[in-house]
Each structure stands twice: as C-alpha cells, then as structure tokens.
Amino acid sequence: MATFADIYANIQSIVERPHLQTFIESRINGAINLISSSGNYKDDLVETTLESTEGISPTAYTQTVTLPDRFRSTLYVDYPDPTGKQVLEPLAVNDIGHRAVRYKSNVYYVSGSLLHIKHDVQTPIFLFGYFNYPAILSGAQSNWITTRFPWLVEEIVIAAIRVVNGDVEAAAYLDRLNKQEMGIWLQDALRSEQ
C-alpha cells in the first residue's frame, strides 16, 4: 500500500526537484482525479438517502438538493419503495432546455451544484447513488487508487514534470505508456467489480 507521501518520495527520487513540491503535490491529486474519472468504480460510489436534512419536502413535487463536495456524477435517484411508482429518469443536459422535457415529471437532473428532482408521488425520502472524486490527499493518507495503482499516479506526474522541465520527448513517451497502462489496469479494475 502506497501513501501520498510514498508516491511523492518516489517521484522526487526520480526527478530530484524539491523546489516543485507544491506543483508535484497538486499533480498527484490531479492524477488521482484523472484515474477516478476514467470509469465508474465501486470505490467512488456513495449510496445515501435524501431527506428533510438535505431539503426534501414530503409535501412537494419538486425538490432541489445541494450536491455533496467532491460530487462527480449521478448513478440513480429512486423512491425508497418503488412499488407502483414510475421510474425516476435522468435528463440529459441538452434536453433540459426543451419545453416538453422541462415540464416532465419523474425526472432528475444536475445543474451546477444542485440536484433537481421532479416527481408525481410525494415522499419524505429519496435514495441517491452517485460517484465522488476521491478526497484530496496529503501525508500518510491513501485511497484505493494509491493502493492499487501508485506507479500509474507517479508516471502521470513525472510526465507533467518532464513537460515543465522542457523534456517534451520523454513526456510524450511517458504519456503514451500511461495511456496503455491505464487502459489495461483500469479495465481490469472495472471487470473485477462485476
């Protein structure tokens, strides 16, 4: 298992650029977010309920909920007991502006930092499944990406440092290698979750 500090130390042992500490630390977290964004992984899935503390009104047919910090994308919004209720369907961003869609019921969509739900059955609770970006790491912290793919994080950051240092040829080689490795390892991670 690799921690944030382990990854930082490994990168510094190769690039020997202590004056780039802030840049390297931000790029480590950036690489973690990039890897997380490459697929819908179980480790980034959060399942919760939305209720009055989140602003759900049991007497309303439209709800607006502030999305959690580090929110990435919605997987589902549903009733706690779906028996006899229509499925709540996601609206695509391009469809929201169409009048026929804007006034549909049993839909949900995200705009900015808000989740909007329009439904035709009153309920005090909704089930909410969404993908989060991993938490920003430092020091001895780790997550599923640093544990399973520390070398990929390191290589992504090293490629960025090579660009900053003007070694574009080495950065291009590392970028091609990263894309190949990422394709293989992350597809394996997705398959192992099924």
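Residues numbered from 1 in each chain as written. Predicted model: local features only at pLDDT ≥ 70, side-chain atom pairs only at ≥ 80, totals over all residues. Heavy atoms only, no water.

With respect to the overall build of the chain
Working step 1: Scanning the chain from terminus to terminus reveals seven helices and seven strands.
Working step 2: Beginning at the N terminus, the succession of helices and strands in the chain can be written as α-α-β-β-β-β-α-α-β-β-β-α-α-α.
Working step 3: Over its C-alpha trace the chain gives a radius of gyration of 21 Å, far above what one expects of a compact globule, namely 16 Å for 194 residues.
Working step 4: Along the three orthogonal principal directions, the C-alpha set of the chain runs to about 60 × 35 × 35 Å.
Working step 5: Of all intrachain contacts in the chain linking residues separated by at least 6 positions in sequence, the fraction that spans at least 24 positions is 73%.
Working step 6: Counting every atom, the chain has about 10700 Å² of accessible surface; 53% of that belongs to carbon and sulfur.
Working step 7: Separation between the mean location of the 15 positive side-chain charges and that of the 22 negative ones in the chain comes to 7 Å. (Helix = DSSP H or I, 4+ residues; strand = E, 2+ residues; numbered from the N terminus. Rg over C-alpha atoms; globule rule 2.2 N^0.38 Å. Contact = heavy atoms within 4.5 Å. Areas by Shrake-Rupley, 256 points an atom, 1.4 Å probe, with all protein chains shown as cover. Lys, Arg positive; Asp, Glu negative; His and termini not counted. Charge placed at Lys NZ, Arg CZ, Asp CG, Glu CD.)

Side note on the pairing of strand 2 (residues 62–66)
Working step 1: In strand 2, alternate side chains face the same way, and those of Gln63 and Val65 are buried while those of Thr62, Thr64 and Thr66 on the opposite face are not.
Working step 2: In the sheet, strand 2 pairs with strand 6 (residues 114–118) via five bridges, with the strands oriented antiparallel. Bridge assignment links Thr62 to a residue of strand 6, and that residue is Lys118. (Buried < 20%, exposed > 50% of the residue type's maximum accessible area, 1.4 Å probe, protein only. Pairing = 2+ DSSP bridges.)

What to know about the sheet that holds strand 1 (residues 45–50)
Working step 1: Ordered by their spatial adjacency, three strands build an open sheet running 1-7-3, and the pairing between neighbours is antiparallel. Edge strands, defined here as strands with exactly one partner in the open sheet, are strand 1 and strand 3 (71–78). Neighbour-to-neighbour, the strand axes of the sheet open up by a mean angle of 25°, direction not taken into account.
Working step 2: One ladder, built from six bridges, connects strand 3 with strand 7 (residues 126–132); its direction is antiparallel. Residue Tyr76 lies in a different strand from strand 7, and its bridge partner there is Gly129. (Axes fitted to C-alpha atoms, helices over the stretch in contact; angles between N-to-C directions.)

Points about the environment of Val93
Working step 1: Tracing the sequence through the fold places Val93 in helix 3 (residues 93–96).
Working step 2: In this structure the C-alpha to C-alpha distance between Val93 and Ala2, which are 91 residues apart in sequence, comes to 38 Å.

Some points on the pairing of strand 7
If a strand is regular, its side chains alternate between the two faces of the sheet.
Working step 1: The buried count for strand 7 comes to six of seven residues, which makes it a mostly enclosed element.
Working step 2: Pairing of strand 1 with strand 7, which is carried by six bridges, proceeds in the antiparallel orientation. Across the sheet, the residue bridging to Leu45 is Phe131, located in strand 7.

Re the nonpolar core
Working step 1: Counting residues in each nonpolar core, the largest one holds 25 residues, and the members touching the most others are Ile11, Ile24, Ile28, Val153, Val157 and Ile161.
Working step 2: Elements supplying a minimum of two residues to this core: helix 1 (4–15), helix 2 (21–37), helix 5 (144–148) and helix 6 (150–164).
Working step 3: With seven residues, helix 6 is the largest single contributor of residues to this core.
Working step 4: With residues up to four places along the chain from it excluded, the contact list for Ile161 reads Ile11, Val15, Leu20, Phe23 and Ile24.
Working step 5: Membership of the second largest hydrophobic core comes to 14 residues, among which are Val65, Val77, Tyr79 and Tyr130. (Core = buried A, V, L, I, M, F, W, Y, C linked by side-chain atoms within 4.5 Å.)

Quick notes on the pattern of salt bridges
Working step 1: Per the counting criterion, the structure on display carries three salt bridges.
Working step 2: A salt bridge links Lys42 to Asp43; its shortest N-O distance comes to 3.5 Å.
Working step 3: Residue classification places Lys42 among the partly exposed residues on the basis of a relative accessible area of 48%.
Working step 4: Take Asp43: its relative accessible area is 33%, and that puts it in the partly exposed class. (Salt bridge = Lys/Arg side-chain N within 4 Å of Asp/Glu carboxyl O.)

Just geometry here; none of it tells us what the structure is for.
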